[in-house]
Structures are given as structure tokens and as C-alpha cells.
Amino acid sequence: MVVFPNAKINLGLRITEKRNDGYHELETCFYPLPVFDALEIIRLPAVGSFRFNSSGLDIAGELQDNLCVKAYSILKADFPGLPPVSVFLQKAIPSGAGLGGGSADASFTLKLLNQLGGLNLSVQQLLDYSLRLGSDCPFFIINKPCYATGRGEVLEPVAIDLSAFGFVVINPGIHVPTGQAFSWLTPAKPKESIRDLIHLPVEKWKDVLINDFEKSVVTRHPEVGQVKDLLYRSGAVYASMSGSGSTVYGLFPNDHYPVISVPEHYLIRYIGFK
Ligand SMILES: C[C@](O)(CO)[C@H](O)COP(=O)(O)OP(=O)(O)OC[C@H]1O[C@@H](n2ccc(N)nc2=O)[C@H](O)[C@@H]1O
Ligand SMILES: Nc1ncnc2c1ncn2[C@@H]1O[C@H](COP(=O)(O)OP(=O)(O)OP(=O)(O)O)[C@@H](O)[C@H]1O
């Protein structure tokens, strides 16, 4: 079976409190973005075997750190009858880029193994397993625009319609480790909630829909700020860094295809233009 794990962007991201368990309370709006990896899982005849292979963009870390491998391991621990499988991942979403690609792979692996192994896990069980793999993972079980709080796992679907916009997504090739990015911040409760701000017209988001990571990442990596300025100069109605960076996205009227030139090693994608 083949599935296509997609990326996400954060529409606003506020870090509100440091918790005692090493995580932070946050609020954000997750929005799925049609940029995809490809994930194939097939049953193997040999009992007890497991294979993982990948191609495309590099994934940092050892095999056992890969979130697809971890997803298989946590299910296998609870369901020893889970069949042996071969996993193949074609990586197109850059890792550690604020696009949640690794988290998407993890949650799609859980969903696929649930089907393939006939585990009959409920959505709630899938959400619980996915949270063990990462704070962003539960969103990819739901995979619809969601207002999120807690570590990112308290999810409430929101009706927002961005179909009038095209997205330009630019990754300047800088890897920002998420844990480190959290350590650069001083949490604070915002006056206005993203739950309300998200329903303002997109033209009003520029000064109010804030990603708390942006300032500290831009200080350390000025290229990120330059990409955001470039998107606004090119006609973006709204531009922001996603997650803990370094990817920056811009929303444009989808009948106007902006021509944007970036250095050769940057990754740029146009989504949803007519
Ligand atoms: C920045 C976001 O992408 C926003 O969507 C997410 O909060 C990050 O989610 P993620 O990549 O799935 O993060 P995890 O793998 O759960 O955690 C990585 C590290 O980030 C920090 N972390 C993560 C999420 C959270 N709510 N508080 C945290 O402090 C912790 O130090 C943790 O050890
Ligand atoms: N299948 C995978 N794909 C990508 N990264 C993976 C994978 N498995 C493990 N990882 C590790 O997870 C880390 C973060 O992955 P991910 O791409 O989800 O981060 P991110 O884009 O920064 O997301 P976030 O928005 O959650 O910060 C990577 O740096 C990588 O070391």
C-alpha cells in the first residue's frame, strides 16, 4: 500500500507556558499543505523481519531514530502479531524545517499499519500512539485545519477557507532543532487568541497573527527574515515562518503567480495557483 504524507504549516504559533515535563503549552492553527512524501508499506513473508529504506532528501539520525521505524516498534510492542513489513519512504518534505514532515510520516505509518495489520485501532487510540512519537503527530491523524493547544495535541477542527490563495513555500536550507528553538523563548500568554484571529480576513493577519519562534530564529539566521521580506515585496498578503523554522510561507491571491528568485540551494514550491 502506498500513501502520501503531507506537510503542515502553522498559522500563528504562540508559546504560552513552560511545563514541568520539559514541554511547552502552545496555541496554533495547523493547516495541511499539499507537499508530499511517498510511503509504501508491504507485508513480508519472513516472520520477525522488518526493513526500512528511503530515498530523496536526507533524513538526519540513525535508522532506529526514524519516526516510521519508531511507529512500527511501538505498535509491535503492543501487538506482537503485527506482520513483518518492508517500509519504503521517498522523502520530498525537508526535515527539521517546520513543515512537520517527520511527524506526518510517523502518523501515516501508524494509520497504514492499522489497516495492513487489521488492528482496528480507533481514532483516539491512533491519536494516543501518535503523541508518543511527537507533539505534531496527532494533527496528522486528523489532517484537517485545526486549532491546537496543549503540546499541540488538543485539536479542534476549524472552518477556514484559503481557497482564494496560492501558497509560496521557501526553505532556505537551514536546520533549526526544535528543542533548541523552544529554549530561546520566554513563554507568555497573548492578549488575543489565535482561535479568534484566524477568522479575521487574511489581509488583516499581517500584524496580528504571530509566530513566537520567528524573532529568535531571524536573529540567529537573518536569511529567514530576508525570505519573509522577499515574499511581502513580491505581493504576499500574509507571510510567516512555519513551526520552529526555517521554512517561510506566503499567501498570494491565486490568480497572480509571483515570480520569485531565490539562491539555488533554497527549496521553493508554488501551491494552488490558477
Ligand atoms: C514547533 C512545532 O512544530 C509547532 O507545531 C511543534 O511544537 C514541534 O513538535 P514536534 O517536532 O513534534 O516536537 P517533539 O518531537 O514532540 O519535541 C521536540 C522537542 O521540542 C520541545 N517541545 C515540543 C513541543 C512542545 N509543545 N513543547 C516543547 O517544549 C521539547 O524540548 C521536545 O523535546
Ligand atoms: N521520517 C522522517 N522524516 C523526517 N525527519 C525524521 C524522520 N524520522 C525522524 N526524523 C527526525 O525528526 C526531526 C524532525 O522532523 P520533522 O521534519 O517533523 O521536523 P520539523 O519539520 O521541524 O517539524 P516541526 O514543525 O514539528 O518542528 C528531523 O530532524 C529528523 O532527525
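Remember, predicted model here, so these are calculated numbers, not experimental data. (Residues numbered from 1 in each chain as written. Chains lettered and ligands numbered in written order. Predicted model: local features only at pLDDT ≥ 70, side-chain atom pairs only at ≥ 80, totals over all residues.)

Draft legend 1. Up close: the site of ligand 1. Close contacts around ligand 1 come from 18 residues, with G134, S135, D136, G179 and G243 the closest. Counting only elements with at least two residues in the shell around ligand 1, the list comes to β2 (6-18), β3 (24-36) and α5 (178-183). The residue makeup of the shell around ligand 1 includes at least three contributed by each of domain 1 (2-156) and domain 2 (162-271). (Near = placed C-beta within 6 Å. Helix = DSSP H or I, 4+ residues; strand = E, 2+ residues; numbered from the N terminus. Domains from an automatic or database assignment.)

Draft legend 2. Looking closely at the site of ligand 2. Residues in close proximity to ligand 2 total 22 residues, the closest being L67, S95, G96, G102 and G243. Secondary structure elements with two or more residues in the shell around ligand 2: α1 (67-78) and α2 (101-116). Sort the elements by how many residues they give to the shell around ligand 2 and α2 lands first, with four residues. Domain assignment of the residues forming the shell around ligand 2 places at least three in each of domain 1 (2-156) and domain 2 (162-271).

Draft legend 3. Fine view of α1. Helix length check: α1, at twelve residues, gives a terminal C-alpha distance of 17 Å against a target of 16 Å (1.5 Å per residue), a fit within 8%. Along α1, the residues that are buried comprise L67, C68, A71 and Y72. Down the axis of α1, the smallest arc covering the buried residues is 145 degrees, so these residues share one side. Contact partners of the buried residues in α1: β5 (50-56), β6 (85-91), α2 and α3 (123-133). (Expected span 1.5 Å × (residues − 1). Buried ≥ 20, exposed ≤ 12 C-beta atoms within 10 Å, placed from the backbone. Arc of directions from axis to C-beta. Contact = placed C-beta atoms within 7 Å.)

Draft legend 4. Focus on the UniProt feature "active site" (unreviewed entry) in the protein. Per the UniProt record, "active site" (unreviewed entry) is annotated on K8 and D136. With the annotated positions falling across 129 residues, the maximum pairwise C-alpha distance of 9.4 Å places them together in a single cluster. Along the chain, K8 turns up in strand β2. In contact with K8, other than residues within four places in its own chain, are F30, Y31, P32, L33, L99, G100 and F139. As for its position among the elements, D136 is in the loop between α3 and α4 (137-142). Assessed through the 28 C-beta atoms surrounding it within 10 Å, D136 is described here as buried. (UniProt positions renumbered as here; feature names shortened; annotations may be inferred.)

Draft legend 5. Seen up close, the pairing of β3. Relative to β3, β2 runs antiparallel, the two sharing eleven bridges. Each bridged residue has a counterpart across the sheet, and for N6 the counterpart in β3 is F36. Hairpin geometry of β2 and β3 is characterised by an intervening segment of five residues between the two adjacent antiparallel strands and by a positive phi of about 90 degrees at G22. Note: β3 against strand β7 (residues 146-149), three bridges, orientation antiparallel. The residue of β7 that forms the bridge with C29 is Y147. (Pairing = 2+ DSSP bridges.)

Draft legend 6. Representation of the UniProt feature "domain: GHMP kinase N-terminal" (unreviewed entry) in the protein. Summarizing the sequence annotation, UniProt attributes the feature "domain: GHMP kinase N-terminal" (unreviewed entry) to residues 66-141 in the numbering used throughout. Annotation note: span residues 66-141, helix share 58%, strand share 9%, distance between end C-alpha atoms 18 Å.

Draft legend 7. How the structure looks around the confidence of the model for the protein. Confidence in the prediction for the protein averages 96 pLDDT; 99% of positions are at 70 or higher. Interface confidence for the predicted complex, expressed as ipTM, amounts to 0.95; the pTM equals 0.96. (pLDDT = per-residue confidence, 0-100.)

Draft legend 8. Spatial organisation of the sheet that holds β2. Pairing within the open sheet is antiparallel, and its four strands lie in the order β2-β3-β7-β8. Strand pairing shows two members of the sheet lacking a second neighbour, β2 and β8 (154-157), which therefore form its edges. On average, each strand axis in the sheet is inclined to that of its neighbour by 20 degrees, with strand direction left out of account. (Axes fitted to C-alpha atoms, helices over the stretch in contact; angles between N-to-C directions.)

Draft legend 9. Molecular detail of helix α8 (residues 222-233). Compared with an ideal rise of 1.5 Å per residue, which puts twelve residues at 16 Å, α8 spans 17 Å between its outermost C-alpha atoms and is within 8% of the ideal. When α8 is considered as a whole, its buried residues turn out to be V224, V227, K228 and L231. Axial view of α8: buried residues confined to an arc of 95 degrees, hence all on one face. Exposed residues lying more than 90 degrees from the buried face of α8 are P222, D229 and R233. Contact partners of the buried residues in α8: β9 (165-171), α7 (213-220), β10 (238-241) and β11 (248-253). Downstream of α8 by a residue or two, G235 has a phi angle that is positive, lying close to 110 degrees.

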